[in-house]
Amino acid sequence: MLKNSLGVSFKHCVYEVVRNIKKGEVLTYKEVATLAGRPLAYRAVGNILNNNYDEKIPCHRVVRSNGLIGGYNRGGEEKLKRLRQEGAII
DNA sequence: CGTATGACGTGCA
DNA sequence: GTGCACGCCATAC
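Just so you know, these numbers come straight off a predicted model, no measurement behind them.

Asks: An account of the protein's contact with DNA strand C is needed here, citing residue identities and associated values.
Replies: Residues in contact with DNA strand C, as listed here, are Met-1, Ser-9, Phe-10, Lys-11, Arg-38, Leu-40, Ala-41, Arg-43, Ala-44 and Asn-47. Each atom of DNA strand C within 4 Å of the protein was classed as base or backbone; sugar and phosphate made up 55%. In this structure, a sugar or linking oxygen belonging to DNA strand C sits 3.3 Å away from a main-chain N or O atom of Leu-40. Those elements giving two or more residues to the surface near DNA strand C turn out to be α1 (10–20) and α3 (42–52). By residue number, the principal contributor to the surface near DNA strand C is α3, which donates three residues.

Asks: With reference to specific residues and values, describe the state of the cysteines.
Replies: Per the counting criterion, the structure on display carries zero disulfides. Of all cysteine sulfurs, the one in Cys-59 lies closest to Cys-13, which takes part in no disulfide; the gap is 17 Å. A relative accessible area of 13% means that Cys-13 is categorised as buried. For Cys-59, a relative accessible area of 7% translates into the label buried.

Asks: Tell me about the nonpolar core, and please be specific about residues and values.
Replies: By size, the foremost hydrophobic cluster in this structure holds 19 residues, and its most contacted members are Phe-10, Val-14, Val-18, Val-32, Val-45, Leu-49 and Val-62. Every element with two or more residues in this core is listed here: α1, α2 (29–36) and α3. For this core, the element with the most residues is α1, which contributes six residues. The residues touching Val-62, leaving out its near neighbours within four places in the chain, are Val-18, Ile-21, Leu-27, Thr-28, Tyr-29, Val-32, Leu-49, Ile-69 and Lys-79.

Reading guide: rules and limits
- Residues numbered from 1 in each chain as written.
- Chains lettered and ligands numbered in written order.
- Predicted model: local features only at pLDDT ≥ 70, side-chain atom pairs only at ≥ 80, totals over all residues.
- Heavy atoms only, no water.
- Near = heavy atom within 4 Å.
- Polar contact = N/O pair within 3.5 Å; in protein donor to acceptor, adjacent residues only side chain to side chain.
- Helix = DSSP H or I, 4+ residues; strand = E, 2+ residues; numbered from the N terminus.
- Disulfide = S-S within 2.5 Å.
- Buried < 20%, exposed > 50% of the residue type's maximum accessible area, 1.4 Å probe, protein only.
- Core = buried A, V, L, I, M, F, W, Y, C linked by side-chain atoms within 4.5 Å.
- Contact = heavy atoms within 4.5 Å.

Keep in mind these numbers describe shape, not what the thing actually does.
What follows is the structure in structure tokens.
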């Protein structure tokens, strides 16, 4: 896998960004991609999270630009529930 | 190295 | 406002 100018994989950046999301903070895939350093890689962001969603990573706080929560385990019911608990309005 | 996949986004009908 | 199709990027095999 190629590394960016910073010497870190885009995947790693996405992890850091998502992990950096505070409680009640909701970002879109595009935002995460931008913060990760690749504004046009929102497609890869979804892929990375899909193959690497961890307990330490609040990937449930990453939603789509059109307002949809996107996807999550079990169809996203858990994700929607969590977002509501944190105060996110979907 | 080349191909296939995907939790997306935007455009057009 | 809704539905269909294309395009984009990075990762994994």
